[in-house]
Amino acid sequence: MDFTLILFYVVAGVAAATAVGLLFSRNAVYAALFLVLNFACVAVFYLLLGAPFIAMAQITVYAGAIMVLFLFVIMLLGAEKLPRGGILPWQRPLAIGAAAILLAEAGYLLVQRVQSAAVLPDPGSFENSVSSLQQMAYLLFTDYLLPFEVTSILLLVAMVGAIVLTRQAKGAQR
Amino acid sequence: MTFALVLEWLIKGFVWVLILLGGFAYLTYYERRALARIQVRIGPNRAGPLGLLQPIADAVKLIFKEEFMPTQADKLLFFLAPIVTLVPALVITAVVPFGPESEPLVLFGREINWYIADLNVGVLYIMSIASIAVYGIVLAGWSSNNKYAMLGGLRSSAQMISYELALGLSFIGVILLANSPRMLDIVEAQRTGWFVLLQPVGAAIFLIATLAEVNRAPFDMPEAEQELAAGYHSEYGGMKFALLFMAEYDKMIAICTIAATLFFGGYLGPDITQLPLVGQYLNWATPFMGPVYMFLKVFILLFGMIWVRATLPRIRYDRLMAFGWKILLPLSLALIFITAVGILLAEDVASLYRWGIPVVSLVAGSLAILGMYQTLRRKEHARA
């Protein structure tokens, strides 16, 4: 058996287990940590697919920055213990329905594309990733310039919004 | 992937971890002696000649201390947190080369390169491991179930996220100059001149941001003794504390190694075969000079960190945040712009423009310092 295939199965198992752990843990800190592990597994998948840059970005941005902020907020609010019943009672049936649709879609695709789905890209492209990084940057600033700029403006708007919302009005009493 | 290759990686990784372990022990000794000298004391000098056995005595003391666990602590995370803190500190230097690729170490007829891993995205690897390093401290603070420890953990996460931005942006200047994120390419690009000469302000930002990343003085807010007892490790003792302690000092070694590689020419140094009189007999030693130069550079940079600790008082928390977001971040963005424009002008117009990068960036750095002085200096009305 191929080494990368064994690695894939192991990491996929860990990814699935951490996703289940995220859903069922009753402590928000543990849930956040399970999500971090899950992101790490996804980063390993990117590595297996020969995309080291995206793997590192996944770890830096999601596991490193965003989840630390999540953890920060959970700890700051002292909201570790999740309520048992859930706050939104209509959410559960809706979620079950949506999950059933997603599972059906995934199963359909799995049955239909069982031959072609398991073909991984040439691992030799891993060797070449500096040039692929340059190609990606080139594409990002030529063909995909507009989506790139729109995304950055979206982030800027979110940032300005956060500052406006948290700012105290001038001269107002607290 | 042959068995011999896996064995080679394992041995190299193991040796490097052992070096970091010994480095941690003797860095504490180095720091105590250097701090003592700066404070006009002598420092530890009783155990062994010059006190050289002091780290061993400390290690034995820590091993035999009682292991305790707070009853209300989160047992699993309390146990895991020191490990989660230590592992990033150990693995972050895996991509750092300690000698040129053209001069491998030949052992038992096998060529062994002077690095553990040669990643094409080496700098990004460092960035991603640095961003994970915060978890250990945050979890140590939270799982202790102690208000002081918790505040230490929260402070550290806020501080490390804030300074990570300036740190990542200072990496970009180096990547632009070397035209590659691979560590070996970055070092080889410095054969014509160390990047600290081309990018002095970037190197300064890197060193300041890494001081904040490893929570060293003057940015040691997570363990500010006067305010938080001992911060995130208040509840830790014995070997668990030793692991947190080791993580802090190994992080110091790691960032000095990375700083030496990115800005101070890494393993590059003068060719010893050119020495007068003895040079011709030293041909055998050239493959070993890379690690030696690296060690010297790391040694000097570590002294800089100890010197800073001995000299500067702890910065106030709101000023720490304001410094990171309002000064370091805009300044490092400006540096990227200056570097990119300088490289373009050097390529298209005249290569002399390359030296415009340090000049303009020093002007930008001086402006930032001037702005800081204007806001921080004592106001007229406060003087009376």
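Given the structure is predicted, the values throughout are model-derived calculations rather than measurements.

Draft legend 1. Just the interface of chain A and chain B, in detail. Contacts between the two partners involve 28 residues from chain A, matched on the other side by 25 residues from chain B. Where chain A abuts chain B, roughly 2200 Å² becomes buried across the two surfaces, and 78% of that area is made up of carbon and sulfur atoms. Its largest share of buried area at the contact with chain B, chain A owes to A:Tyr30, A:Met56 and A:Met75, together 26% of the area lost on that side. Applying the counting rule to chain A against chain B returns zero salt bridges.

Draft legend 2. Structural detail: a nonpolar patch on the surface. Residue and element names in this part refer to chain B. A surface patch of nonpolar side chains, amounting to about 870 Å² of accessible area, comprises Tyr26, Leu50, Leu52, Leu53, Ile56, Val60, Ile63, Phe64 and Met239. Broken down by element, the nonpolar patch gets its largest block of residues, four residues, from helix H2 (residues 54-64). Tracing the backbone shows Leu53 in the loop between helix H1 (3-38) and H2. Judged by its relative accessible area of 42%, Leu53 is partly exposed.

Draft legend 3. Broad picture of the packing of aromatic side chains. Residue and element names in this part refer to chain B. Tallying each qualifying case throughout the model produces 17 aromatic pairs over all chains. Ring plane angle 75 degrees and centroid distance 5.1 Å describe the contact between Phe245 and Tyr249, whose orientation is recorded as edge-to-face. Taken together, the positions of Phe245 and Tyr249, both in helix H11 (residues 238-263) and four residues apart, correspond to about one turn of that helix. Judged by relative accessible area, which is 25%, Phe245 ranks as partly exposed. Among the residues examined, Tyr249 registers a relative accessible area of 6% and is labelled buried. Ring pairs connect the aromatic residues Phe24, Phe241, Phe245 and Tyr249, which therefore count as one cluster. Stacked on the ring of Tyr317, the Lys or Arg Arg155 has its end atom at 5.3 Å from the ring centre.

Draft legend 4. Structural detail: the side chain of B:Asn215. Along the chain, B:Asn215 falls in the loop between helix H9 (200-213) and helix H10 (225-228). Here B:Gln159 takes part through its side chain, which lies 3.4 Å from a polar atom of the side chain of B:Asn215.

Draft legend 5. Fine view of helix H3 (residues 52-77) of chain A. All names here are of chain A. Between the first and last C-alpha of H3 there are 36 Å, a value that for 26 residues agrees with the 38 Å anticipated at 1.5 Å per step. Of all the bends found along H3, the most pronounced is centred on Met67 and spans about 30 degrees. One or two positions beyond H3, positive phi appears at Gly78, with a value near 65 degrees.

Draft legend 6. Quick peek at the pattern of salt bridges. Residue and element names in this part refer to chain B. Counted by the stated rule, this structure contains five salt bridges over all chains. Between Glu8 and Lys12 there is a salt bridge whose closest N-O contact spans 3.2 Å. Taken as a pair, Glu8 and Lys12 lie in helix H1 at a separation of four residues, close to a single helical turn. By relative accessible area, Glu8 is classed as buried at 12%. Notably, a salt bridge pairs Asp185 with Arg182, separated by 3.2 Å at the nearest N-O pair.

Draft legend 7. Structural context of helix H2 (residues 28-48) of chain A. The end-to-end C-alpha separation of H2(A) is 30 Å, in line with the 30 Å expected for 21 residues at 1.5 Å each. Restricting attention to buried positions, one finds in H2(A) the residues A:Ala28, A:Val29, A:Tyr30, A:Ala31, A:Ala32, A:Leu33, A:Val36, A:Asn38, A:Phe39, A:Cys41, A:Ala43 and A:Leu48. Buried residues along H2(A) sit in contact with helix H1 (3-24) and H3 of chain A together with helix H3 (75-91) and helix H5 (134-143) of chain B. Sitting at the head of H2(A), A:Asn27 places a side-chain oxygen 3.0 Å from the backbone nitrogen of A:Val29. Directly after H2(A), the chain includes A:Gly50, whose backbone phi takes a positive value near 75 degrees.

The rules behind each value
- Starting from 1, residues in each chain are numbered consecutively following that chain's sequence as written.
- Working convention: letters from A go to chains and numbers from 1 go to ligands, in the order in which they are written.
- Per-residue local features of the predicted model are confined to residues with pLDDT of at least 70, and side-chain atom pairs are confined, for both listing and counting, to 80 or more; whole-chain, interface and lining totals are unaffected and use all residues.
- Note that water and hydrogens are dropped before the side-chain values are worked out from all heavy atoms of the structure.
- The contact rule is simple, with two residues in contact once any of their heavy atoms fall within 4.5 Å.
- Summed over both partners, the accessible surface that disappears when two parts come together, traced with a 1.4 Å probe, is what is meant by buried area.
- We count a salt bridge whenever a side-chain nitrogen from Lys or Arg sits within 4 Å of a carboxyl oxygen from Asp or Glu.
- The patches reported here contain residues having more than 30% relative accessible area and no salt bridge. Joining distances are 9 Å for like charges and 5 Å for nonpolar side chains (Val, Leu, Ile, Met, Phe, Trp, Tyr).
- What sets the accessible areas is the Shrake-Rupley method with a 1.4 Å probe; for residues, cover comes only from the shown protein chains.
- Only DSSP runs of H or I covering at least 4 residues are called helices, and only runs of E covering at least 2 are called strands; the numbering of each starts at the N terminus.
- Per-residue accessibility, obtained with a 1.4 Å probe over protein chains only, is compared with the maximum for each type, and a residue is labelled buried under 20%, exposed over 50%, and partly exposed between these values.
- Stacked, tilted and edge-to-face pairs are distinguished by plane angle, under 30 degrees for stacked and over 60 for edge-to-face with tilted covering the rest, among Phe, Tyr and Trp rings (Trp via its six-membered ring) whose centres lie within 6.5 Å.
- A positively charged side chain is recorded as over a ring if its NZ (Lys) or CZ (Arg) lies within 6 Å of the ring centre. The angle to the ring normal must also be within 35 degrees.
- Throughout this description, a polar contact denotes any pair of N or O atoms lying within 3.5 Å of each other; where both atoms belong to protein, one of them has to be capable of donating a hydrogen while the other can accept it, and for residues adjacent in sequence the pair is counted only when both atoms sit in side chains.
- Helix span, expected: 1.5 Å multiplied by one less than the number of residues in the helix.
- To get the bend at a given residue, fit one axis to the seven residues ending there, fit another to the seven starting there, and take the angle between those axes.

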